[in-house]
Structure formats: C-alpha cells, structure tokens
Amino acid sequence: MDEELLARLELYYDRAPRANADAEEHGPFTIFWSRGGWPYYARPRLGLGDDVTPEDVGSVLARLEELGLPPSIEWVHETTPSLRPAAVAAGVEVADHPMLVLAGDPVEWAGPVVVRRITPDDPELPAVQAAISLAFGQDDTLVGPVSVAERDALVAEGSPHVETLSALLAAGRSVMFGAFDPELGAVGGGSHNPRGDVTEIVGVGVLPALRRRGIAGHLTWVLAQDATRAGVRTTFMSAGSDDVARIYEGVGFRRVGTACIATGG
C-alpha cells in the first residue's frame, strides 16, 4: 500500500467516528465512545510515530473497561505494524481482515432484488436494519435458516440503532441502500459513510436464507456506484473473510492491506 493512500485512510478512520462519538486520548490511542446506537473502540492516535508496547495495550483495554466500553482496538497493520505483536504479547486475540480499495469504476453486478436508497424517515428502515443485524449474526457466506420471520420479530422488538442511523442519514454522514425481494420485502442492505472524498462501505448483509443469489454483490456495486457518482475519490471496505473479499473483488475492489481487530477478554 502506498504512503499517500495509507495517510488518507488513517485520516478517515480518525474523522469518521466523530460524527456519533466523543473522543479521549489515552497514551498512543484515541478512544471513541458512542453518543447513541452502536459502540465504538480504540484506535492508534492519528500521526502516531512511536511503537506500541504490550503495556500500552493493557492500559487502553483497562480504560475501555472503566468507561464501560467493549474491549476492542482496531487498526491498519501496514500503518501501525508494532501493534499486532504488542497485542499478542499482552494476551489479546487479534483477528485479521482483508482491506480493499475500489480500483477504477465499479463492475456491474446484477441481482434478483430491487436495491434502492433509504431515506431518514423511510418506513422500511427498521426492516432493512433488522435484516442486516441478522446477517451479521451468522457472519459468513453460507446459506442458513434465518429469514423474514426473524426479521419481523426483530423489527417488533425495536432497536436503538434505527433512531441513530436515521439521524446520520439526515445529516449526510451515512448513505444507506436496502435490498427488497418482490414477495418478501427487505432482505438485506448496506451503507457507505462519506467524509470528504473518502468513504467506507460498511454493514453489507443479507438474510442467511437468501444468500448465494448475488444480492451482496449487487448491493456492493450499487453502493460503490453511488459513491463514485458523488465524486468520492477513495472507496474502501474491509471483509470478514477471504470468501467475502472475493465477492467485493468481483465488483472491482483490490486488496491493499489488513484491517486488524484486537478483542480483550
């Protein structure tokens, strides 16, 4: 990965959470904690030049616990290579995820659903968000039993994420698309979160019972196309696995690095 791209992504990673989170500097890290909705994490401080130590990792995890936040640290390995060995030495589990950047125009990917943009007051927003949440409950590419009955039950329960997401959509901090089956309604969705001329595609998910039909690829293509048409210069995303990354590569993304997540116990 070239240095200019690394710098652009690091700036984005520092800016993006601030739309819905407060920040605290703690040693070589910045801790983000949510103002509502889903929780955040700690990241290496923007512009960090020193190596991270196991003691630094232990200290920030203790601070996260003190704040009542999930013990999670996220970073790009190519930007902060010292953090992975420091986390491992501190006894923390580290997961590696392919990081990909759109190379040129997105490659069209057709699917058997209608994909459309979701507005802040869209009546289908709760169903789309529920379908995405259920998709990540089975975080792989396999077909599973979870379908519209579970989606409808989750909608009936209500979710604090919907109100937060609606506010982010209204502010232009997030752009969301839903995937709709003509008979079943909302079966998936995804978002991208523009900050200047950089955006990250996040939360692309499809109900497990509706997988292996090209829906995730279709969603990713539409999201990438929307970002390109809006003048975004750099569109990137992380994949949960190599199998998921291959879907994104089919839309025109190329692997450029590794996104790491360290989770304390």
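As shown above, the structure is provided for reference.
These figures come from a predicted structure and were not determined experimentally.

Q: Describe the environment of Ala 216, with residues and values.
A: Locating Ala 216 in the fold gives a position in helix 7 (residues 215–229). Taking the C-alpha atoms as reference, Ala 216 lies 30 Å from Pro 71; in sequence the two are 145 residues apart. Setting aside its immediate chain neighbours within four residues, Ala 216 contacts Val 204, Val 206 and Ile 247.

Q: Pulling in residues and values, what's your account of the pairing of strand 5 (residues 93–102)?
A: In terms of burial, strand 5 is a largely internal element, seven of the ten residues being buried. Relative to strand 11 (residues 253–263), strand 5 runs antiparallel, the two being bridged by ten bridges. Looking across to strand 11, one finds that Asp 96 is bridged to Cys 260. Where strand 5 meets strand 10 (residues 234–238), three bridges bridge the pair, whose relative direction is antiparallel. Along strand 10, the bridge assignment pairs Met 99 with Ser 238.

Q: Summarise the pattern of salt bridges; cite the residues concerned and give the values.
A: Scanning all chains against the criterion turns up 15 salt bridges. Glu 249 is paired through a salt bridge with Arg 255; the nearest N and O atoms lie 2.8 Å apart. Glu 249 sits in the partly exposed class, given a relative accessible area of 32%. Several salt bridges converge on common partners, so that one network encompasses Glu 4, Arg 8, Asp 197 and Arg 233.

Q: Please give an account of the packing of helix 4 (residues 125–137) against helix 5 (residues 148–157) that cites residues and values.
A: Following both chains from N to C, one finds helix 4 and helix 5 inclined at 120°, their axes separated by 9 Å at the closest point. In terms of their interaxial angle, helix 4 and helix 5 are classed as oblique. Pair helix 4 / helix 5 crosses with right-handed handedness. Contacts from Pro 126, Ala 127, Ala 130, Ala 131, Ser 133 and Leu 134 of helix 4 reach helix 5 at Glu 150, Arg 151, Leu 154 and Val 155. A breakdown of the residues in the contact of helix 4 with helix 5 according to their chemical character gives seven nonpolar, one polar and two charged.

Q: Account for the packing of helix 4 against helix 6 (residues 160–170), with residues named and values stated.
A: The geometry of helix 4 relative to helix 6 is characterised by a closest axis approach of 10 Å and an angle of 110° between their N-to-C directions. Between helix 4 and helix 6, the angle is such that the two are roughly perpendicular. Helix-helix and strand crossings are classified by hand; for helix 4 and helix 6 the assignment is right-handed. Each of Leu 125, Pro 126 and Gln 129 in helix 4 lies in contact with helix 6, whose residues at this interface are Val 162, Leu 165, Ser 166 and Leu 169.

Q: Give a detailed account of the packing of aromatic side chains, specifying residues and quantitative values.
A: Tallying each qualifying case throughout the model produces five aromatic pairs. Here the aromatic rings of Tyr 12 and Phe 236 are separated by 5.3 Å at their centres, their planes lie at 90°, and the arrangement is edge-to-face. With a gap of 224 residues between them, Tyr 12 in helix 1 (residues 3–15) and Phe 236 in strand 10 connect regions that are remote in the sequence. Ring geometry for Tyr 13 versus Phe 236: centroids 5.5 Å apart, planes at 80°, classification edge-to-face. Taken together, the positions of Tyr 13 in helix 1 and Phe 236 in strand 10 put the pair 223 residues apart, joining distant regions of the chain. Relative accessible area serves as the criterion here: at 7%, Tyr 13 is assigned to the buried category.

Q: Account for the side chain of Gln 138, naming residues and giving values.
A: Looking at the secondary structure, you find Gln 138 in the loop between helix 4 and helix 5. A distance of 2.8 Å separates a polar atom in the side chain of Gln 138 from the backbone oxygen of Leu 142. With residues up to four places along the chain from it excluded, the contact list for Gln 138 reads Val 143, Gly 144, Pro 145, Pro 208 and Arg 211.

Q: Let's hear about the side chain of Arg 211: which residues, and what values?
A: Among the structural elements, Arg 211 can be located in the loop between strand 9 (198–206) and helix 7. A relative accessible area of 10% places Arg 211 in the buried class. At 2.9 Å, the side chain of Arg 211 and the backbone oxygen of Ala 135 are in polar contact. Separated by 3.3 Å, the side chain of Arg 211 and the backbone oxygen of Val 206 make a polar contact. In this structure Arg 211 touches Ala 135, Gln 138, Asp 140, Thr 141, Leu 142, Val 143 and Val 206, once residues within four positions along its chain are discounted.

About the thresholds
Residues numbered from 1 in each chain as written. Predicted model: local features only at pLDDT ≥ 70, side-chain atom pairs only at ≥ 80, totals over all residues. Heavy atoms only, no water. Helix = DSSP H or I, 4+ residues; strand = E, 2+ residues; numbered from the N terminus. Contact = heavy atoms within 4.5 Å. Buried < 20%, exposed > 50% of the residue type's maximum accessible area, 1.4 Å probe, protein only. Pairing = 2+ DSSP bridges. Salt bridge = Lys/Arg side-chain N within 4 Å of Asp/Glu carboxyl O. Axes fitted to C-alpha atoms, helices over the stretch in contact; angles between N-to-C directions. Parallel < 35°, antiparallel > 145°, perpendicular 65-115°, else oblique. Left-handed = near helix turned anticlockwise from the far one by under 90°. Nonpolar A, V, L, I, M, F, W, Y, C, P; charged D, E, K, R; others polar. Phe/Tyr/Trp six-rings, centres within 6.5 Å; stacked < 30°, edge-to-face > 60°. Polar contact = N/O pair within 3.5 Å; in protein donor to acceptor, adjacent residues only side chain to side chain.

The analysis is restricted to geometry; functional conclusions fall outside its scope.
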